[in-house]
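# Summary of structural features
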Amino acid sequence: MGHKLSKITLAMLSATTLNFVTPVFAQVAQSEPDDDTEIIEVSGIRASLTNALAEKRSASSLVEIIQAEDIGKLPDQNLAEVLENITGVQITRSAGVGTGVQIRGTDANRTEINGVSTVGSGAGRSGINFEDVSASIIAGLEVTKAPVAKTIEGSVGGTINLRTIRPLELSETLASVRVQAEDSSLSTDGATPRLSGTFGDNWETDHGEFGVVFSASYAEQDVTAFRPRADRDNIVRSDSGLASAQSFSYLPIQFLIQDYDNYEYETVNFAGSFEWAPNSNTKFWFDAIVNDQDRREESSRVQASGVSDLRGVSIPTEFETVDFGSLDGVDLGDIQAAVKGVIPVDSDGLDPNLRLSSDTSSRKTKSKIFRLGGEYYGDNYKISAEASSSTSDSSTPRIDTTLNFLNPNATIGSANDNGTPFEYDLSGGSLAFGIAYDAANAPTRADLLNPANYRLQAVAIAQNTNENTEDAMRFDVTYDLNLSIFTTIDAGYRYNKTSSVSNVIGSNLSISSLADSPDGSLFSDILTTGPDNFNAADGRELFVKDFLLVDPEIVASDPDRVFETLASAITTYGGSRQLSQPTSSVAGFYDISESTNALYAQANFESGIFRGNVGLRYVKTDLDSTGTRSVNGDTVAETTSSDYSFVLPRINVSADVTDDVVLRAAWGKDIRRPNFSDLSSSYTFSTSPNPAVSGGNPNLKPELVTSFDISAEWYFAEAALVSIGYFHKTREDVHVGQQVDPYSEPGTGYRDIVGPVCEQGGIWNPIALINVFGPVSSDTGVCVPFSSVINDTKDTTQKGIEMAFQYDLSAFESDLGWASGFGVVANYTIQEFSGGEAFNTSSSRASQVFAASTGSSDTSVTVTAVQGLLNLSENAYNFTLYYEKFGLSARMRYTWREAFRSDDFGSTSSYPWGFPVIQEDRGQLNASISYDVNEQLNIGIEGVNLTESEITQSCVNEGALLCFQGLTDRRITVGASYRF
């Protein structure tokens, strides 16, 4: 076996300078190859695949590896999209950009850089945001699916380790630059730049060997997505007596929205490493990684609000049949739903109204990761020590504004909104609506572009901050047992202190009275026309394109001007309500601190065809959670303390049954700590009555995960693999979200507007506008949904099968000639989730609909369903076809994932119908092609989402009621790289 492993190691060393091979002991690294050792010389895509397979094959546990084919050339620009190449990994996207990663169906994973834990910019535990790190500074990554005892605890699906270049492993001076430009098909701002460069070298001196590597990148990115939404979660009964009643009950239009999402990223990344080996037995290192990102949101929303008040007079002209399917074995029947029609202005001129919002939240994040350590090799032992620090400081400044359009052709009352007629067409899978210009009381386009016809309805200002840190130190020892079976033993200690401090700083102003709402002529210098290209993604003819809103670019560049202009307009107008400077929110503050001591011991063994390890990890954590509440007008800080400990056994066994076949098995336990926000004892309120108020639980327990893996890998040719694996995870005390909705009266939809207790569900929100949920819409204070995270009382199970295939035709060059440059990489994952007792409950309106769809004689039928695991696709696959020959390198990847439940559904945080939405099946095609002009210069072009594959989301069940869409962009990147 030793001879075979030396071949693998030498292949990794000879193929590229970007590999990471750490010898167990110094004498292993210094040994010379046997004369008959085969050295594999490859380059480019094939080199990265060959080396990744070699590392996977020789690993002591189940890992997946991706290596860059060259400096700054991972297979994708975005790290989340890089990970999508791995078997068992799916990703979620925001505005078409990969942001979330699910390993084996779960988001509950950890991210490290060079083995150091990272912290994120928000309340999560998964580590640094993938959008914050440029793929150009990462030379490779590994996903550990079956941990060993020394693996840091905290993951359910797997641990992701991003790796930078190690200076002392360079065989020659490294210097390269890369220049690119990216263009989005939906952006109106043109192409954006990407620049990156790397320098590395090492030197032999009288004081030992020194090495340095510096990588830096600068990138701008402009991404856009259109997200139309149509709510039809209400009912017009056949026996209602309403003017709109039909001979059958149906779902009328409840709400319409045209959501335009635009994000502009500016990211600066730096990675530096210094290594010093004073002699062959000693090495020291220092790593520094600094990321600075400014993500500006310049989004807008066009809302047809108050539509629900017209359900009794708006008569649809076309209907469709909606089959709700079944939930937890209960058949929900079917019902008709409105598809086409006109929503007229009410006789009193009040509804429906046209409401325009500017969403201009920014996220400014600075993260830093430092790592200082050293190691010493003795005759039969190795000692290493390391100290590290990870920090992430984020601020989210924003000024969100909402304007109401006052239609001069309809009656204007005392409220700051009035009626605008709309038409809608939800046929053909397109959630389209626009202004009904041919209807009575319709405004003209000139009316819609007149600032005097707009009134300020709401202003939300925030300067929220989040400070996350983790300081850690570890000490590890490896000792050579020199026994026949157990080869070495590893032991170590790790201490870390982790903290998260969140402070919500803001002010909110909601105005419903015409007497208090200044018109747009008083702040016209900060108004602009809204985006008029909402049809660019799918060619729709029906959409709102003539409207005004507060200019998002001015908000981003000069927020003080926006604040002063709006405050002055309110004062000049003489309104009774003033715009105040943002202040710290009692409900939005939390300070959570954890201290963890961890010990591990691990015995590594090798005998005959078997190799592996067996060990234990002991974890003890102490936690303090401080939150604030307002009690009788006074701010009271409360600290809740808790602690927990776990013993986590872990076993990994590999069997090299032949020269080409490796069998693996693993069993182990891990824990998943709750997100920081879920441990908070504070609440955050919104001025809108629609979003759920989120509350934490400082006594939330970690999940306990027991995992079993078994797999077979056949390396049937050079750079070739066929593998199949089975995994099974049992999760105890799973963290699940639970939403409790307030009671709504049948018919009126009114909620409880008398606080501070909501006797029939939900939570009292003292600052939310009552809006349509009570008879006095301009007042504040109403019961709203309450969302929290709990420990599920029943165990859950995740299990699945992972299959992978990799092969190229390079061995047939003499027979195939140019065609021998083709290769393929493919994987398929089948997984399922079962168990759990936490459930979702249908909302009040949904319960009324289900009474009609099931033919019940009752007016309301409450439906419950076990929530299951969000973002879990039962089936998913990737297929990559590549070609590499004659300096030409081309790659095409198609990724598909089956439908899954999601809580990402646009500009609302309340579950429609009381259940997470279903994101339907979706595939995406990416491709890239590059050419080596000479040994130094490479030019190329890359395309993401070439077919502009849209996202469709259904409410209640898969294929049931289409309620959300995501129309995403195509991104094309061109560029060149040069190696000196």
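What counts and how
- Residues numbered from 1 in each chain as written.
- Predicted model: local features only at pLDDT ≥ 70, side-chain atom pairs only at ≥ 80, totals over all residues.
- Heavy atoms only, no water.
- Helix = DSSP H or I, 4+ residues; strand = E, 2+ residues; numbered from the N terminus.
- Buried < 20%, exposed > 50% of the residue type's maximum accessible area, 1.4 Å probe, protein only.
- Contact = heavy atoms within 4.5 Å.
- Disulfide = S-S within 2.5 Å.
- Pairing = 2+ DSSP bridges.
- Axes fitted to C-alpha atoms, helices over the stretch in contact; angles between N-to-C directions.
- Salt bridge = Lys/Arg side-chain N within 4 Å of Asp/Glu carboxyl O.
- 1 Å grid on protein atoms, 1.4 Å probe; cavity = no way out; pocket = protein on both sides within 12 Å on 5 of 7 lines; lining within 4 Å.
- Points joined across faces, edges and corners; volume = space filled by probe spheres on them.
- Nonpolar A, V, L, I, M, F, W, Y, C, P; charged D, E, K, R; others polar.

## What about the side chain of Arg971?
Along the chain, Arg971 falls in strand β54 (residues 971-979). Looking at Arg971, the relative accessible area reads 3%, which means it is buried. Beyond its immediate stretch of four places on either side in the chain, Arg971 contacts Glu81, Gly96, Val97, Glu182, Asp183, Ser184, Gln221, Val223, Glu942, Gly943 and Val944.

## Description of the state of the cysteines
Scanning all chains against the criterion turns up 2 disulfides. Here Cys758 is linked by a disulfide to Cys783, with a sulfur-sulfur distance of 2.0 Å. Negative torsions about the S-S bond denote left-handed disulfides, and the value of about -105° found for Cys758 with Cys783 makes this one left-handed. Of this pair, Cys758 sits in the loop between β38 (735-740) and β39 (763-769) while Cys783 sits in strand β40 (residues 780-784); the two residues are 25 residues apart in sequence, bridging distant segments of the chain. Across this residue pair, the class does not change: Cys758 and Cys783 are buried. Two residues, Cys955 and Cys963, share a disulfide whose sulfurs are 2.2 Å apart. In this structure, the disulfide formed by Cys955 and Cys963 twists by about 105° around the S-S bond and is classed as right-handed. Here the two residues Cys955 and Cys963 agree in accessibility, since each one is buried.

## Structural notes on the sheet that holds strand β6 (residues 140-144)
Pairing in this open sheet of 5 strands is mixed, and the strands run β1-β6-β7-β4-β5 from one edge to the other. One side of each edge strand has no neighbouring strand; the edge strands of this open sheet are β1 (63-67) and β5 (116-117). The sheet contact formed by strand β4 (residues 110-113) and β5 spans 2 bridges and is antiparallel. Looking at β5, one finds that Glu112 is bridged to Ser117. Relative to the sheet, helix α3 (residues 44-58) contacts β1, β6 and β7 (159-163), its axis offset from that of β1 by approximately 155°.

## Focus on the pattern of salt bridges
A complete count under the given rule lists 57 salt bridges for this structure. For Lys340, the salt bridge identified is with Glu318, shortest N-O distance 3.6 Å. With Lys340 in strand β18 (residues 334-343) and Glu318 in strand β15 (residues 318-323), this residue pair connects regions lying 22 residues apart in the sequence. Here Glu318 falls in the partly exposed class, since its relative accessible area comes to 33%.

## Things to note about empty space enclosed by the protein
Taken as a whole and assessed by the stated rule, the structure comprises 13 cavities of 30 Å³ or more. As a volume, the largest cavity reaches approximately 550 Å³. In terms of lining, the largest cavity is formed by 38 residues, of which the most central are Glu64, Ile65, Asn85, Gln806 and Val825. Of all the secondary structure elements, the ones that give two or more residues to the lining of the largest cavity are α3, β1, β36 (703-714), β37 (721-732), β42 (796-808) and β43 (822-835). In terms of residue count, the dominant contributor to the lining of the largest cavity is β37 (6 residues). For the lining of the largest cavity, the per-class residue count stands at 18 nonpolar, 10 polar and 10 charged. One number sums up the size of the second largest cavity: a volume of about 290 Å³. What lines the second largest cavity is a set of 23 residues, and nearest its centre among them are Arg110, Arg125, Glu470, Thr498 and Arg673. A per-element tally of the lining of the second largest cavity places strand β25 (residues 486-503) first, with 3 residues.

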